[in-house]
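These are the residues of each chain, in order.
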Amino acid sequence: MNEFVYDVFTRKERGDRLQHVGYVDAFDDETAKIYAWTTYSEERWFEMCVVKRTNVLPVNRVDGLFFEAQKAAHV
Amino acid sequence: MSESLDISTLEGARREALIRLIITLADSKRILGIRYSDWALGAPSIETGVSTSSMTQDEWGHARLLYAMLKKLGIDPEPVEHDRPGEEFASIAALDHEQPDWAGLVALMTLADGAVSSVLRSFSTGTLELAQNRVPKMLAEEEFHESLGSAWYRRLAATDGEARQLLTSATEAMLPGLLAWVGADDDAARHMVDAGVIGPASERLTAFRDHVRDFVALVGVDIDSVEASAEWDEVRGRTPGRPDEEACQRARGDLNRALLVE
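Nothing here was measured: the structure is a model prediction, and the numbers come from that model.

Take the overall build of chain B next. Check the secondary structure of chain B and you find nine helices and zero strands. Its C-alpha atoms give chain B a radius of gyration of 18 Å, within 12% of the compact-globule value 18 Å for 262 residues. Along the first, second and third principal axes, the C-alpha atoms of chain B reach 55 × 45 × 30 Å. The 262 residues of chain B split such that 47% are buried. For chain B, long-range pairs separated by at least 24 residues make up 77% of all intrachain contacts whose partners lie at least 6 apart in sequence.

Within chain A, the regular secondary structure consists of two helices and three strands. Of the regular secondary structure in chain A, the N- to C-terminal order runs β-β-α-β-α. Oriented by its inertia axes, the alpha-carbon framework of chain A measures out at about 40 × 35 × 15 Å. Counting every position in chain A, which comprises 75 residues, the buried fraction comes to 21%. Relative to all contacts within chain A whose residues are 6 or more apart in sequence, the contacts with residues 24 or more apart total 42%.

Next up on the list: the pairing of strand S1 (residues 4-11) of chain A. Successive residues of a regular strand alternate their side chains across the two faces of the sheet. All names here are of chain A. Two elements, S1 and strand S2 (residues 19-26), share seven bridges in a ladder whose sense is antiparallel. Counted as the bridge partner of Val 8 is Gly 22 from S2. Where S1 and strand S3 (residues 47-52) come together, six bridges link them in antiparallel fashion. By the bridge assignment for S3, Tyr 6 is matched with Lys 52.

Residues and elements named next belong to chain A. Overall, antiparallel pairing links the three strands, which are arranged S2-S1-S3 in an open sheet. Each having just a single partner strand, S2 and S3 make up the two edges of the open sheet. Strand-to-strand twist in this sheet, taken as the mean axis angle between neighbours without regard to direction, amounts to 30 degrees. Relative to the sheet, helix H1 (residues 29-39) contacts S1, S2 and S3, its axis offset from that of S2 by approximately 125 degrees.

Right, let's talk about the nonpolar core for a bit. All names here are of chain B. Counting 87 residues, the largest nonpolar core has Val 106, Leu 111, Ala 112, Ala 115, Leu 167, Leu 178 and Met 192 as its most contacted members. The element contributing the most residues to this core is helix H4 (residues 102-124), with 13 residues. Ignoring anything within four residues of it in the chain, the contact list for Leu 167 reads Ala 103, Val 106, Ala 107, Leu 156, Ala 157 and Val 219.

Okay, the environment of Glu227(B) next. Mapped onto the elements of the fold, Glu227(B) is located in the loop between helix H8 (201-217) and helix H9 (245-252). Between the C-alpha atom of Glu227(B) and that of Ala201(B), which follows or precedes it by 26 residues, the distance is 14 Å.

Moving on, we come to the interface of chain B and chain A. A common way to state how big an interface is: give the accessible area lost once the parts meet. At the interface, ten residues of chain B touch 14 residues of chain A. Mapped by element, the contributors of at least two residues to the side of chain B that touches chain A are helix H2 (46-68) and helix H5 (129-157) of chain B. Looking at the side of chain B that touches chain A, the element that brings in the most residues is H5(B), giving five residues. Taken together, the residues that form the side of chain B that touches chain A break down as four nonpolar, four polar and two charged.

All names here are of chain B. At their nearest, the axes of helix H1 (residues 12-37) and helix H7 (residues 187-194) sit 8 Å apart, and the two run at 100 degrees to each other. Considered as vectors, H1 and H7 are oriented roughly perpendicular to each other. Every residue of H7 that contacts H1 at Ala 13, Arg 14, Glu 16, Ala 17, Leu 18, Arg 20 and Leu 21 is listed here: Ala 188, His 191 and Met 192. The class makeup of the residues in the contact of H1 with H7 is six nonpolar, one polar and three charged.

Attention shifts here to the environment of Leu167(B). Summarising the element assignment, Leu167(B) is placed in helix H6 (residues 162-182). Separated by 131 residues in the primary sequence, Leu167(B) and Tyr36(B) have C-alpha atoms spaced 16 Å apart.

Attention now goes to the confidence of the model for chain A. Confidence in the prediction for chain A averages 92 pLDDT; 99% of positions are at 70 or higher. Ranking the elements of chain A by mean pLDDT puts helix H2 (residues 64-73) of chain A last with 88 and S3(A) first with 97.

Looking now at H7(B). Among all positions in H7(B), only Ala188(B), Ala189(B), His191(B), Met192(B) and Val193(B) are buried. At its buried positions, H7(B) is contacted by H1 and H8 of chain B.

As a further point, take the confidence of the model for chain B. Averaged over every residue, the pLDDT of chain B is 95; residues scoring 70 or more account for 98%. Across the interfaces of the predicted complex, the ipTM metric reaches 0.77, alongside a pTM of 0.91.

Rules of the game
- Residues numbered from 1 in each chain as written.
- Chains lettered and ligands numbered in written order.
- Predicted model: local features only at pLDDT ≥ 70, side-chain atom pairs only at ≥ 80, totals over all residues.
- Helix = DSSP H or I, 4+ residues; strand = E, 2+ residues; numbered from the N terminus.
- Rg over C-alpha atoms; globule rule 2.2 N^0.38 Å.
- Buried ≥ 20, exposed ≤ 12 C-beta atoms within 10 Å, placed from the backbone.
- Contact = placed C-beta atoms within 7 Å.
- Pairing = 2+ DSSP bridges.
- Axes fitted to C-alpha atoms, helices over the stretch in contact; angles between N-to-C directions.
- Core = buried A, V, L, I, M, F, W, Y, C linked by C-beta atoms within 7 Å.
- Nonpolar A, V, L, I, M, F, W, Y, C, P; charged D, E, K, R; others polar.
- Parallel < 35°, antiparallel > 145°, perpendicular 65-115°, else oblique.
- pLDDT = per-residue confidence, 0-100.

Shown next, in the form of structure tokens:
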């Protein structure tokens, strides 16, 4: 069963910058949302969202997590 | 929303029926929390374990809110929570034993937790103000449980190996008892329907069947063909049986009795 990496972004208050707080492994968007919400529950977040890592397109780097995810997705 | 029921006017059989309803819901929540906690460290991934741990906390919180409703009926919930023998627990039969595999827990999340939510949904729109006020937040928190359960149910049902077989077996084993519980139609249940505290048995059953129909169809089960268990314990409002002793000890907090803080 395939799982995918989803990066988790949150902001604590309205107007705060959206910050990357970590990632979860999940098999679809729905479970990624649940895992993120229950895993990163240390704050009462104003907003949380998840992004499938392969949907993040690196602009200037040809290394690092997002580049590697793109490379793996296109193998 | 229905007109509110004056709880202080309840007496005799109606009062007893409400006590039974509250206790079967509260006990089910508490034992459900234990069944989720059984898998907090054995789930298929760290993330799933964290989610089951979170659901454990939700269920225990819901149980405490439900037990606390007994105060309005002049009953101290403390001995109900901490001093009852296992034979008096009124939790649903699907929770009597730890699930032996992850597929069983997925069935529990989708079907048993779904059954409890079906009855709570009916309770929340009934005439009891306490339920109108407290239950909607529980149901909102349950949306996560439902999402996780349904995602895993679909995932396991889509396989063609042992996992699907285990899910099918767990589904077939749970449904008759759940249908009997959701569709309770004995004297006590009818007292609650007459008082407007919950909807009629047929309405509750239809809602539950509609909720699970598409899921169980994925493992070849036609929910409209499943018969409810015929056996029934009118005293506790559940099918015969009881949770295993270890679960009862954990539910009562036997090992932490000296540290109990109320």
